[in-house]
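Descriptive analysis of the structure
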Amino acid sequence: MSFLKSVKEEMRNVTWPTGEKLRKDVIIVIQTTILFAVFFGIVDLGLQSLLQLLAK
């Protein structure tokens, strides 16, 4: 029980982000994810083409 009480006390000290800050952070995460997906897609296509050339 003391553990749950200490967790409750700690949660009172947490500074939660504002809605605007949270929205900005989510947009950054989505943009970064899309950027990495495109990058790895291009690298995959390049390696695939290179392997096909070497296989001939």
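One numbering rule holds for all chains: residues counted from 1, following each sequence as written. Note on the predicted model: pLDDT of at least 70 is required for a residue's local features to be given, and 80 or more for side-chain atom pairs to be given and counted; whole-chain, interface and lining totals, by contrast, use all residues. Each side-chain value is worked out from all heavy atoms of the structure, with water and hydrogens disregarded.

**As for the packing of aromatic side chains**
Pairing of aromatic side chains here covers Phe, Tyr and the six-membered ring of Trp, requires ring centres within 6.5 Å, and sorts the geometry by plane angle: under 30 degrees stacked, over 60 edge-to-face, intermediate tilted. In total, this model carries 2 aromatic pairs according to the counting rule given. Relative to Phe40, the ring of Phe39 lies with its centre 5.3 Å away and its plane at 65°, an arrangement referred to as edge-to-face. Here the aromatic residues Phe36, Phe39 and Phe40 are joined through ring pairs into a cluster of three or more.

**What about a nonpolar patch on the surface?**
Here, patches come from residues exposed beyond 30% relative accessible area and free of salt bridges, joined within 9 Å for like charges and within 5 Å for nonpolar side chains (Val, Leu, Ile, Met, Phe, Trp, Tyr). To be clear on the numbers: accessible area is Shrake-Rupley with a 1.4 Å probe, and residue cover counts the displayed protein chains and nothing else. A carboxyl oxygen of Asp or Glu within 4 Å of a side-chain nitrogen of Lys or Arg is what we treat as a salt bridge. Among the surface-exposed residues, Phe36, Phe39, Phe40, Val43, Leu47, Leu50, Leu51 and Leu54 lie close enough to one another that they form a single nonpolar patch of about 830 Å² accessible area. Each helix is a run of H or I in the DSSP string that is no shorter than four residues. Each strand is a run of E no shorter than two, and both are numbered from the N terminus. Within the secondary structure layout, Phe40 lies in helix H2 (residues 19-55).

**What to know about the UniProt feature "transmembrane region" (unreviewed entry) in the protein chain**
UniProt positions are given in the numbering used here, feature names are shortened, and annotations may be inferred rather than shown by experiment. In the numbering used here, UniProt assigns the "transmembrane region" (unreviewed entry) feature to residues 26-47. Between the end C-alpha atoms of residues 26-47 the distance is 31 Å, and the span holds 100% helix and 0% strand.

**Topic: the pattern of salt bridges**
Per the counting criterion, the structure on display carries 3 salt bridges. Glu9 serves as the salt-bridge partner of Arg12, at 2.7 Å between the closest nitrogen and oxygen. Of this pair, Arg12 and Glu9 both sit in helix H1 (residues 2-13), 3 residues apart, which is roughly one turn of the helix. Three exposure classes are used, based on accessible area relative to the maximum for each residue type with a 1.4 Å probe and protein chains only: buried under 20%, partly exposed in between, and exposed over 50%. A relative accessible area of 43% means that Glu9 is categorised as partly exposed. Here Lys21 makes a salt bridge to Asp25, at a shortest N to O gap of 3.2 Å. Pair noted here: Lys21 and Asp25 are both in helix H2, with a separation of 4 residues, about one helical turn. Among the residues examined, Lys21 registers a relative accessible area of 44% and is labelled partly exposed.

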